[in-house]
Amino acid sequence: MCGIIGISGYENIAPEIMNGLTTLQHRGQDSAGVVTFNGNFHMKKGNGLVSNVFKGYDIEKINGYCGLGHVRYATFGSTDEVDAQPIVLNYPFGLAMVHNGNVVNFNQLKKRLYEENHRLLETSNDVALILYTFAAELEKKDLKHLTVDDIFDTVEVVQKSVKGAYSAMTIIANRGFLAFSDPHGIRPLVMGRKFTDQGVVYAFTSESTTFDYLGYELIRDIEPGEMIFIDSNKRVHTRIGVKKKQAFCVFEYIYFAREDTIMHNRLVASERVRLGVPLAKTFEKYGLNPEIVIDVPSSAYFFASSMAEELNVPYRRGFAKNPHMGRSFITPTQEQREIMVKQKLNPIRDIVKGKKVAVVDDSVVRGTTSKRIVKLLRDAGATEVYFVSASPPIKSPCIYGIDMSVKKEILASHYDVEEIGKFIGADKMIYQSLEDLKDMYKDLPICHACFSGEYPTTVSKAMLDEIEKEKLSSNRS
Ligand code: AMP
């Protein structure tokens, strides 16, 4: 999973892109980078947080009139600096690209690129694969008289051959700025604009919150299969390319996106409030009467407070969180993850002592966090602990860019709800029901593959096995 930003239309945009990246930092902390263009490409990227990568760096050195930014949370590929984005290609055309998502048919395409186009991919980074595929097709056009239709036709070839999830942006040297989505529109990308003394400026970002900070007006989301090209005269061209049934990643609302972001005209915070309501109904169904509702900070706040409201039970913050700890989920070994959860969360004793506690988290993947949380609450004196997951049971790995580990480690792919409750030591385990979730998103077709195993892109069992094998052999299993 990653965060991307692109701006086109006025001088000296590098500081703005860098600042924009800090608003997307929650989407990736492994690497950060900015590229701009003003006749030449200028780039700065590296491993770590935006503040680390650009610390002491004179950002003015890489100024330009259009540019791209990226923060990376490595799902596939290494965390080596070589895989940091943006990436730039100088032949046959100056091109720079960033993307958010994950390519499913990486190996097949890599082989094809080599055999048919003699292009050798030396990284395992899928943005390189998208860029090379794009470049190999663009090369066939009359580059001297490149038209917008040529560019859109090229993207269509990419959309036909690259399977998976991708929201991508490309600078085409001296021609313009391109943004496009995969045919299902799995990953988010929004378009905005602002009016300056240099005229209109267009921007794209993974989350609208960036626009709030940078003073842009949110125009709209990029549609499934859509391509938007802004030419050197700031004219906006759009076309729907290869379009399939929309499958927007619902995990963006549940976990990934920031609560102040608007995606598909829905505020993430309001979605989380909505998702808390059916959870309360489940308590009523089981006849459970918690005396207090708490959340696992921070993403579960809106689910928990909304559920509490429905149940007419007080909501309190039951854990203090050490904000200076990294993310436990993406630490490589199980042992390290357990230690990290312990160092990160501390129960606020008097809040939970002697009470039946309902504790809400956004999701349970391996169960490391939830098991630890139940133990912490019991040690702090909770008499009963009901563990609530705002998402349905995660049963299948995400192959579209959300790092959810491998099937082997995903708890709900091997155990039923009762067994999971026992495993984590809860008195009751409560999940959002997939039916309720689907029902709530009747008017926005979502990707729910991690819950249902129904992947929107065609993907064979052999491909899934291959992805699992690669993931197991990587350093992130
Ligand atoms: P686990 O301990 O493996 O069950 O992971 C569940 C915890 O990880 C929950 O507290 C989630 O907030 C968090 N989480 C879920 N999915 C992700 C993800 N893709 N990246 C980082 N954290 C996640």
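Above: the structure in question.
Analysis parameters
- Residues numbered from 1 in each chain as written.
- Predicted model: local features only at pLDDT ≥ 70, side-chain atom pairs only at ≥ 80, totals over all residues.
- Heavy atoms only, no water.
- Patch = residues over 30% accessible without salt bridge, like charges linked within 9 Å, V, L, I, M, F, W, Y side chains within 5 Å.
- Areas by Shrake-Rupley, 256 points an atom, 1.4 Å probe, with all protein chains shown as cover.
- Salt bridge = Lys/Arg side-chain N within 4 Å of Asp/Glu carboxyl O.
- Helix = DSSP H or I, 4+ residues; strand = E, 2+ residues; numbered from the N terminus.
- Buried < 20%, exposed > 50% of the residue type's maximum accessible area, 1.4 Å probe, protein only.
- Pairing = 2+ DSSP bridges.
- Axes fitted to C-alpha atoms, helices over the stretch in contact; angles between N-to-C directions.
- Contact = heavy atoms within 4.5 Å.
- Near = heavy atom within 4 Å.
- Polar contact = N/O pair within 3.5 Å; in protein donor to acceptor, adjacent residues only side chain to side chain.
- Nonpolar A, V, L, I, M, F, W, Y, C, P; charged D, E, K, R; others polar.

A contiguous nonpolar patch, built from Leu218, Ile262 and Leu267 and spanning about 190 Å² of accessible area, is present on the exposed surface. With respect to the helices and strands, Leu267 occurs in strand E16 (residues 266-267). When its relative accessible area of 33% is taken as the criterion, Leu267 is described as partly exposed.

Moving on to the sheet that holds strand E6 (residues 95-103). Overall, antiparallel pairing links the six strands, which are arranged E5-E6-E7-E8-E12-E13 in an open sheet. Strands at the two margins of the open sheet, each flanked by one partner only, are strand E5 (87-89) and strand E13 (236-240). Each strand of the sheet is rotated relative to its neighbour by a mean of 15°, with strand direction disregarded. Pairing analysis gives three bridges linking E5 to E6, with the strands arranged antiparallel. Along E6, the bridge assignment pairs Val88 with Ala96.

A few words now on helix H1 (residues 14-22). If you check which residues of H1 are buried, you get Ala14, Glu16, Ile17, Met18, Gly20 and Leu21. Next to the buried residues of H1 lie strand E1 (2-8), strand E2 (31-37), helix H2 (50-53), strand E4 (66-72), strand E9 (190-196) and helix H6 (209-214).

The next subject is unusual backbone geometry. In this model, Gln85 is joined to Pro86 through a cis peptide bond whose omega is 0°. Geometrically, the link from Pro297 to Ser298 is a cis peptide bond, its omega value of 5° lying close to zero. The residue Asn12 is not glycine, and still its phi comes out positive at about 60°. Position of Asn12 relative to the elements: it lies in the loop between E1 and H1. With phi around 65°, Lys234 is a residue other than glycine that occupies positive phi space.

Once that is clear, we can look at the site of the ligand. In the neighbourhood of the ligand, 16 residues make up the surrounding shell, with Asp361, Asp362, Val365, Gly367 and Thr369 lying closest. In this structure, an oxygen atom belonging to the ligand sits 2.7 Å away from a main-chain N or O atom of Gly367. The backbone of Asp403 places a nitrogen or oxygen atom 2.8 Å from a nitrogen atom of the ligand. Surface burial for the ligand is 94%, taken as the share of its 500 Å² of free accessible area covered by protein chains. Elements that contribute at least two residues to the shell around the ligand include exactly helix H7 (251-256) and helix H12 (368-379). When the residues that make up the shell around the ligand are grouped by side-chain class, the tally is seven nonpolar, four polar and five charged.

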